[in-house]
Amino acid sequence: MKQFLVKGWRPVDAEAKEGQETLTLWNKLWLGLTFRQYLSQAVRNPFNWVIAIIFAIGIPLVLYRFVFGLGAVTHSSNDYPWGLFLSFGLFAMVPLSASGFMLGTAVEIFGRHDFEPVERLAMLNGLLGYFFAVVFLLVDLGQPWRLPYPMAVAFGPAAVLFLVGWHVATYLTVQVAEVSVSFFEWMNWPVCKKFIRRITIGLTVSGIILSTLHQGALGALFTYAPGKLHPLWYSASFQWLHFLVSAIPGGLCMVIVVSTIVKKTMAWRCDERFMANLDRLTIALAKGASMGLITYLVIKLIGVAHDNEWIYLSTGWGSWYLFEMGIGVVLPLILFARGIRYNKVGLIRFTALLTVFGVVLNRLNTALIAFNWKLYQDIPHWKEITISITLFTLYIVTYRFILYRLPILFEWKTQPAEAPEAVRAKTVCPTQSNPSPAGAVYRSRD
Amino acid sequence: MSKISRRRFLAASVAGGAAITLAPTKKALAATFEGYSEGMGVLVDLTRCVGCRSCEAACNKEQKLPTPDLPFDDPAVFDQTFHGGTQKRRTTEKAYTVVNRYEPKDGSQPVYRKIQCNHCNEPACLTSCFVNAYTKTREGAVVYNSKVCVGCRNCMVACPFNVPAYSYSSAFNPMIKKCIFCHETRLKQGLPPACVAGCPQEALTFGHRNSLIKIARERMRHQPGRYIDHIYGEKEVGGTAWIYLSAVPFEEVGFDTTLQKEPILSNVKDFLSTVPMVLAIWPALFSGFHLLAKHKENHAGDDHQNIDEEAHK
């Protein structure tokens, strides 16, 4: 991309270049380059070669799984029904995708329009996280073609998984609608965009409800297995709250992590508004994450106290539990406090990565490592690990494909003739209390 | 700021609300279900079992399972261990029941224990299934419908006895494989399951669960000191159709004695009961927050002074 930037090329960010005809879909798909130019830059990018190697090994393995069954590629067994696909792909990806509803709530419900530069990134992060959690699920299910059964064929409404299924399905729909605004701008379909803007509040509120319930429901799934999950990770009364509350720092920190990666590797795609506001917003997100983390720490301790599990802390499992809490909750709290106090954005970014690691470790511990603690330890099959890496790579590729094109990191410039002031006002939203134009650095209201 | 009119706001709220109500209502089940009164069961007397594995052979034949690697009269299976010697044999897709040998701590005679589905009164597998593939029949069996099973394997996670097995080797029609109390072929006709019929030692007694508990108590009373004072399965996880008597502590012969007395479902009820509350309260709560935040914005620039002045007008 750098070579083209030097030559004066700018990625497509409007319906038409100044004084030129409207761009076709084909032009937009290749960011205003010719297909040949686009291909040449893709080939020059070493990261694409890494992806190609992963796919070359992983995709045949995925096909192999569907031809020869789960037994051929995983260590999933009668004792360990859920392996890496679910513990990583579903249980760890979903809390990191809480970002969509968090930022949606901040902006749309509480009117914090100063968060708008990262709102769309957070929404896309949510959508893709959920979508790929479902992809992981499809690979793991014995009969994935029957996924719609709980919606249409046979109902088990008293099951927690029934809730998870329904809520993930409806929430995916909600998130597709929320992210579709960017797509409609890109496609130049203002009528559709207007329709979505009209139901934004409804969508956001349903997003909060569905997220509350199914983030919690994923935790509640483990209350079915009281004797199997180690007591330190199990809490009959609070399991769902532990999962819900840890998803809050998880989602917010994922936005910090992704925005950092984007800033470092895709600066050409970010507009002035995004770049100028990112440091300030990173600190603001870290404040939210800190509040989530401290709450999480307290309710985890209450969980231990409630079931009187202190004795377990002195065992080997206790050390592992303390490691998880120390590296994923306590240390981030200290580092965030320093980062926020001294405006050290770099430290905050590192801490966000640590927090994400902590949340992932918690989910892996709950679903895989501390599960069946009385039996034996399951080590995932190498093919299972490879397939997981492949699916995660597919997630990254999809993520990048969308960020390159849709107005997520930048604002779509609408033509004056086509864009009445009202529509523009909706996207930019200068408020009376914050009359500064988009792109200017907002100051925190408090 | 996007100006959303009151009407639009209400319309959006209704649309959002309608989307929520389209989801079926989730309700927690009523008080603990203690099993059908006419439900059948089996009393397993561990003191009578000699480890002949006739029950395994009978089950294999009745359920048309594949021939095992070692024949049913080969005692070598008792020495098999798995996962670094930590695990004994368990139920699999090829064996719905297995007998394991245990050496009691006091050095007395080895004890043999039969494992199969215990057919809980309120089965965790059933309550965790999101397509209702499981049924607790009036006869007491927990049966499974592979036609609707999606293969999520939540039932295997939920089962406190680690009984259900999955045919992982099948790519196109994998399913749960477990003991079904010979429901279709025998139990419905009032016949005992094949394993009970095949037991030469009368270690297995078939009958109404309620009367089996009485029989177990009788045996304990008639032969004081022979059994430890516990009927395993009478109370565990809400009660099971298969109940056990033993001369040695149950934890020494592979039973999980830390299980709760309430059905597994009772752990989940707390969460299930919050669901309708969240569905009911959140819409107004967060729409209310939105209105509050909007109001502040509309009066942005006003300070308390102005509002006070307006109030005095």
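Conventions used here
Residues numbered from 1 in each chain as written. Chains lettered and ligands numbered in written order. Predicted model: local features only at pLDDT ≥ 70, side-chain atom pairs only at ≥ 80, totals over all residues. Heavy atoms only, no water. Helix = DSSP H or I, 4+ residues; strand = E, 2+ residues; numbered from the N terminus. Buried < 20%, exposed > 50% of the residue type's maximum accessible area, 1.4 Å probe, protein only. Contact = heavy atoms within 4.5 Å. Core = buried A, V, L, I, M, F, W, Y, C linked by side-chain atoms within 4.5 Å. Salt bridge = Lys/Arg side-chain N within 4 Å of Asp/Glu carboxyl O. Axes fitted to C-alpha atoms, helices over the stretch in contact; angles between N-to-C directions. Parallel < 35°, antiparallel > 145°, perpendicular 65-115°, else oblique. Nonpolar A, V, L, I, M, F, W, Y, C, P; charged D, E, K, R; others polar. Pairing = 2+ DSSP bridges. Left-handed = near helix turned anticlockwise from the far one by under 90°.

## A word on the environment of P249 of chain A
All names here are of chain A.
Then comes step 1: As for its position among the elements, P249 is in helix 13 (residues 239–265).
Then comes step 2: Judged by its relative accessible area of 0%, P249 is buried.
Then comes step 3: Once the C-alpha coordinates of P249 and M291 are considered, the two residues, 42 residues apart in sequence, prove to be 8.1 Å apart.
Then comes step 4: Here P249 is in contact with A289, G292, L293 and T355, once residues within four sequence places are set aside.

## Focus on the nonpolar core
Then comes step 1: Among the nonpolar cores identified, the biggest contains 210 residues, and F91 and V160 of chain A are the most heavily contacted of them.
Then comes step 2: At 16 residues, helix 10 (residues 160–187) of chain A tops the list of elements feeding residues into this core.
Then comes step 3: Among the nonpolar cores identified, the runner-up in size contains nine residues, and L43, I213, A216 and M220 of chain B belong to it.

## Points about the pattern of salt bridges
Residues and elements named next belong to chain B.
Then comes step 1: Tallied over the entire structure, the rule returns 23 salt bridges over all chains.
Then comes step 2: The partner of E38 in a salt bridge is R138, and the shortest N-O contact between them spans 3.0 Å. Pair noted here: E38 is in the loop between helix 1 (6–22) and strand 1 (40–45) and R138 is in the loop between strand 4 (134–136) and strand 5 (142–144), with a separation of 100 residues, a long-range link.
Then comes step 3: A salt bridge links K188 to E184; the shortest N-O distance between them is 3.2 Å.

## Observations regarding the packing of helix 8 (residues 116–140) of chain A against helix 14 (residues 272–306) of chain A
Residue and element names in this part refer to chain A.
Then comes step 1: Packing of helix 8 against helix 14 leaves a shortest axis separation of 8 Å and a crossing angle of 85°. Judged by the angle between their axes, helix 8 and helix 14 are roughly perpendicular. Contacts between helix 8 and helix 14 involve E116, P117, V118 and L121 on the former and, on the latter, R273, F274, N277, L278 and L281.
Then comes step 2: Its residues assigned to classes, the contact of helix 8 with helix 14 shows six nonpolar, one polar and two charged.

## Focus on the side chain of T105 of chain A
Then comes step 1: Topologically, T105 of chain A is positioned in helix 7 (residues 99–109).
Then comes step 2: Once residues within four sequence positions are removed from consideration, T105 of chain A is found in contact with F110, T204 and I208 of chain A together with F286 of chain B.

## Brief notes about the pairing of strand 2 (residues 98–102) of chain B
All names here are of chain B.
Then comes step 1: Burial runs high along strand 2: four of the five residues are buried.
Then comes step 2: In the sheet, strand 2 pairs with strand 3 (residues 111–115) via five bridges, with the strands oriented antiparallel. Its bridge partner being in strand 3, N100 is matched across the sheet by R113.

## So, the packing of helix 8 of chain A against helix 17 (residues 382–405) of chain A
Residues and elements named next belong to chain A.
Then comes step 1: Closest axis-to-axis distance for the helix 8/helix 17 pair is 10 Å, and the angle between their directions is 150°. Accordingly, the angle class assigned to the pair helix 8 and helix 17 is roughly antiparallel. You can see that helix 8 and helix 17 cross each other, and the crossing is right-handed. Within the contact between the two elements, helix 8 uses L121, L124, N125, L128, G129, F132, V135, F136 and V139 and helix 17 uses I387, S388, L391, F392, L394, Y395, T398, Y399, I402 and L403.
Then comes step 2: For the contact of helix 8 with helix 17, the class distribution of residues is 15 nonpolar, four polar and no charged.

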